[in-house]
Amino acid sequence: LEQVERVRTSVNFGAFIGQGSIRESVIGPNDRPATPEERARMIEITKQGMRDGAFGLSTGLFYVPGTFTPTEEVTALATVAGEMGGIHISHMRNEARDVLKSVNETIAIGESGGLPTQVTHHKIIGKGNWGASEATLAAVTMARARGVDATIDQYPYTASSTGINALLPAWAQDGGRDATLKRLKDPETRAKIKAIVVENIKFDRGGGDPKNIQIASAGFDVSLAGKNLAQITAARGIEVTIENAADTALDIIEKGGASAIFHAISEDDLVRILKDQNTMIASDGEVIRFGVAAPHPRGYGTFVRVLGRYVRDLKVITLQDAIRKMTSFPAQRLGLFDRGLVRPSMKADLVLFDENEIGDKATFEKPHQYAVGVKWVLVNGEVIFDGQAMTAARPGKILKGPSSEW
């Protein structure tokens, strides 16, 4: 955070401490329980992270090494963060077949740990699981009714984006990349891994068709960006089947891996989650270099897409509610009580837009397109976007968590 503060930014910047990063530093990418000494060390790192300015504990329980973490170990760290005023926010263990189970685990971490808890970028993946948002939203509502401070955030797209390793089983990634590559070189083990990749293309992130998996970027071969697994498989001179596409995916992983986009989400679930009173808007995106690779369009269009498509065009939610979900609600969630509202004495973080023009242009086919309809952006009272271009102003501040000691 001190380094970012020295660089200076246009926007405000804050951070959580990552449970996966903590576990990796103490145990590595290994599938085993923590010893009492290791757990004590992880608790101390969590405390230090909170003192260093974190807003709470973030978990990525779908990813290595988070996926190897028992719930009670996560809860132990979350409890510490909560005692220091922080919250827990989670990319859950599973967003497909076991999505309800994962929502309930996220709730349980908050309930047992005694701190606010949030399901981040909530979605339902895989056609066979579509409609499960009815149950997941009900679970959050029931939890809140019994006193658990559980909430949700979401991005407004029917595709997710993460590493292509998301197609692999967790056990195949135990021990890190070198261990994974060693397993892939063993024919018998490779066959077992491939069988699960096939299942994941059919019923999970693959949405039942290799064309639903699009490469966003691949360091070992930049030409793959924007192509889907069906196209890449065909280009290898192989018949496009799910089994052959699984081989293509394993080949990509062996050569260095890739970031991918997975089209496997229902618009009905998206709308249902968006309308829920406990949902905020968040992009789950990254800062993108214009014109480089083929990233998920959420990096350009998340917030304006809600305002244009789901407020103005489809009238799914009101303009007022959409703005609340983007501003005062998340500010309140983070304990930023001097931001998120237009009032005297509040920080002047302001966006002026034309509600009739506002909208996203970025698509999955052509993601590098800026939004339209935004007229001015001010951060801490200074103009950083004047309707035409970014200004030279760098008024962004480091936003510090509730136990910050600096």
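This text goes with the structure placed above it.
The following paragraphs examine the structure supplied in this document. (Residues numbered from 1 in each chain as written. Predicted model: local features only at pLDDT ≥ 70, side-chain atom pairs only at ≥ 80, totals over all residues. Heavy atoms only, no water.)

In this section: a negative patch on the surface. On the surface, Glu2, Glu5, Asp52 and Glu405 cluster together into a patch of negative charge. Position of Glu405 among the secondary structure elements: in the segment after strand 12 (382-385). Looking at Glu405, the relative accessible area reads 63%, which means it is exposed. (Patch = residues over 30% accessible without salt bridge, like charges linked within 9 Å, V, L, I, M, F, W, Y side chains within 5 Å. Areas by Shrake-Rupley, 256 points an atom, 1.4 Å probe, with all protein chains shown as cover. Salt bridge = Lys/Arg side-chain N within 4 Å of Asp/Glu carboxyl O. Lys, Arg positive; Asp, Glu negative; His and termini not counted. Charge placed at Lys NZ, Arg CZ, Asp CG, Glu CD. Helix = DSSP H or I, 4+ residues; strand = E, 2+ residues; numbered from the N terminus. Buried < 20%, exposed > 50% of the residue type's maximum accessible area, 1.4 Å probe, protein only.)

Take the environment of Gly60 next. Note on placement: Gly60 falls in strand 2 (residues 56-60). In this structure Gly60 comes out as partly exposed when scored by relative accessible area, which is 22%. The sequence separation of Gly60 and Met92 amounts to 32 residues, and the corresponding C-alpha distance is 6.3 Å. The contacts of Gly60, once residues within four sequence positions are left out, are Gly66, Thr67 and His91. (Contact = heavy atoms within 4.5 Å.)

Interaxial distance between helix 7 (residues 177-185) and helix 8 (residues 187-203) falls to 5 Å at its minimum, and their mutual angle equals 105°. The orientation of helix 7 relative to helix 8 falls into the category roughly perpendicular. Listed contacts from helix 8 to Arg183, Leu184 and Lys185 of helix 7 are Pro187, Thr189, Arg190 and Ile193. Among the residues forming the contact of helix 7 with helix 8, the class breakdown is three nonpolar, one polar and three charged. (Axes fitted to C-alpha atoms, helices over the stretch in contact; angles between N-to-C directions. Parallel < 35°, antiparallel > 145°, perpendicular 65-115°, else oblique. Nonpolar A, V, L, I, M, F, W, Y, C, P; charged D, E, K, R; others polar.)

This next bit is on the nonpolar core. Core analysis: the biggest nonpolar cluster contains 26 residues, and Ile164, Leu167, Val197, Ile201 and Ile215 have the highest contact counts within it. At seven residues, helix 10 (residues 242-255) tops the list of elements feeding residues into this core. Residues in contact with Ile164, not counting those within four places in the same chain, are Ile215, Ala249, Ile252, Ile253, Gly257, Ala258, Ala260 and Phe262. Counting 18 residues, the second largest nonpolar core, distinct from the first, contains Ile17, Ile45, Met50 and Ala54. (Core = buried A, V, L, I, M, F, W, Y, C linked by side-chain atoms within 4.5 Å.)

To continue, consider the sheet that holds strand 4 (residues 117-119). On the basis of which strands lie adjacent, the open sheet formed by six strands has the order 1-2-3-4-5-9 and parallel pairing. This sheet does not close on itself; its edge strands, each paired only once, are strand 1 (17-18) and strand 9 (279-281). Both strand 4 and strand 5 (residues 150-154) contribute to a ladder of three bridges, which runs parallel. From the neighbouring strand, Thr117 faces strand 5, where its bridge partner is Ala150. Lying on the sheet, helix 11 (residues 267-275) is in contact with strand 5 and strand 9; it crosses strand 5 at an angle near 130°. (Pairing = 2+ DSSP bridges.)

Here we come to unusual backbone geometry. Residue Pro65 is bonded to the preceding Val64 through a cis peptide linkage, with omega at 5°. Phi is positive for Ala293, which is not a glycine, with a value near 60°. Positionally, Ala293 belongs in the loop between strand 9 and helix 12 (298-313).

With that settled, consider the sheet that holds strand 7 (residues 213-217). Pairing within the open sheet is antiparallel, and its three strands lie in the order 6-8-7. With partners counted over all chains shown, the strands left at the sheet margins are strand 6 (160-163) and strand 7, one partner each. Averaged over all neighbouring strand pairs, the angle between strand axes comes to 30°, with direction disregarded. Relative to strand 8 (residues 259-262), strand 7 runs antiparallel, the two sharing four bridges. Residue pairing in the sheet places Ile213 in a bridge with Phe262 of strand 8.

Interpretation in functional terms is not warranted from these geometric data alone.
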